[in-house]
Amino acid sequence: MLEIGAPAPDFTLKNQFGEPVTLSALRGRPVAIVFYPFAFSGVCTGELCRLQDSLSVFDDAGVKLLAVSVDSKYTLRAFAREESFDFDLLSDFWPHGEVAQRYGVFDPVAGLAERATFVLDAQGVVVDAFRSERGTPRELEAYRSALAKLHG
C-alpha cells in the first residue's frame, strides 16, 4: 500500500460512461481515490451509497471523488444508474487490476481491489491512506479525518 508522502502513480481509466479520466489531469485540486472490490456487492453498495449521501463532505473540501473497481465500464454504468451515483466510477478491468496493483491494494488470489482509500493533495501526493478488511465498510469519520489533513 502506498505510504503517506508518496507521489500517487498516474493512471488513465474509463469511467462508467467510457470517458477517460487521467489522474494527472486533476492536478490543482485534491482527489480521494476509493478502491472497492465489486459493484453490486452488499458492503460495497452500502459504502458507495454512504459516500453519495455525503458528497458535501468532499465538495466542501474541494475534493474530487473517484471510486475504482475491477468491474467493466458496462457493469459500472448499470451500478451508477441503479444507485444514482454522481461521481466517477472507474474501471480497472483490463489489464485486470493494474492500477490497484500499482497502489499496492490488489488481491491476486481473489482478483479484486482491496477496500482502500488514498487522499491526495493538489500536487498528487498521498496525505492519508486507510483500508478496512474484506466485509468491513470504511467509516465516514475516516474520510473526514483524512480530508482534514489536506488543510493542516
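Residues numbered from 1 in each chain as written. Predicted model: local features only at pLDDT ≥ 70, side-chain atom pairs only at ≥ 80, totals over all residues. Heavy atoms only, no water.

- The chain is annotated in an unreviewed UniProt entry as Alkyl hydroperoxide reductase E of Kocuria rosea subsp. polaris.
- As its UniProt record puts it under Catalytic activity (unreviewed entry), the chain is described as follows: "[mycoredoxin]-L-dithiol + a hydroperoxide = [mycoredoxin]-L-disulfide + an alcohol + H2O". (UniProt positions renumbered as here; feature names shortened; annotations may be inferred.)

## What to know about the environment of Phe130
Here is step 1 of the chain: Within the fold, Phe130 resides in strand β9 (residues 126–131).
Here is step 2 of the chain: Taking C-alpha positions, Phe130 is 6.8 Å from Phe118, a pair spaced 12 residues apart along the chain.
Here is step 3 of the chain: Residues contacting Phe130, with those up to four places away along its chain left out, are Met1, Arg115, Ala116, Thr117, Arg138, Ala142, Tyr143 and Ala146. (Helix = DSSP H or I, 4+ residues; strand = E, 2+ residues; numbered from the N terminus. Contact = heavy atoms within 4.5 Å.)

## As for the packing of aromatic side chains
Here is step 1 of the chain: Under the defined criterion, the tally for this structure stands at 10 aromatic pairs.
Here is step 2 of the chain: Note on Phe35 and Phe118: the rings are 6.0 Å apart at their centroids and 90 degrees apart in plane angle, and the pair reads as edge-to-face. With a gap of 83 residues between them, Phe35 in strand β3 (residues 31–35) and Phe118 in strand β8 (residues 116–120) connect regions that are remote in the sequence. Across the pair, exposure class does not vary: Phe35 and Phe118 are buried alike.
Here is step 3 of the chain: On the basis of an interplanar angle of 35 degrees and a centroid distance of 5.2 Å, the ring pair of Phe85 and Phe87 is categorised as tilted. (Phe/Tyr/Trp six-rings, centres within 6.5 Å; stacked < 30°, edge-to-face > 60°. Buried < 20%, exposed > 50% of the residue type's maximum accessible area, 1.4 Å probe, protein only.)

## Concerning the pattern of salt bridges
Here is step 1 of the chain: For the structure on display, the rule yields 6 salt bridges.
Here is step 2 of the chain: When the shortest N-O distance is used, the salt bridge between Lys64 and Asp88 registers 3.3 Å. Taken together, the residues span a long stretch of sequence, with Lys64 in strand β4 (residues 64–69) and Asp88 in strand β5 (residues 88–91) at a distance of 24 residues.
Here is step 3 of the chain: Among the ionic pairs, Lys149 bridges to Asp128, the shortest N-O distance being 3.3 Å. Highlighted residues: Lys149 in the segment after α5 (140–148) and Asp128 in strand β9, separated in sequence by 21 residues.
Here is step 4 of the chain: A relative accessible area of 8% means that Asp128 is categorised as buried.
Here is step 5 of the chain: Taken together, the shared-partner salt bridges in this structure form one network comprising Glu47, Arg115 and Arg138. (Salt bridge = Lys/Arg side-chain N within 4 Å of Asp/Glu carboxyl O.)

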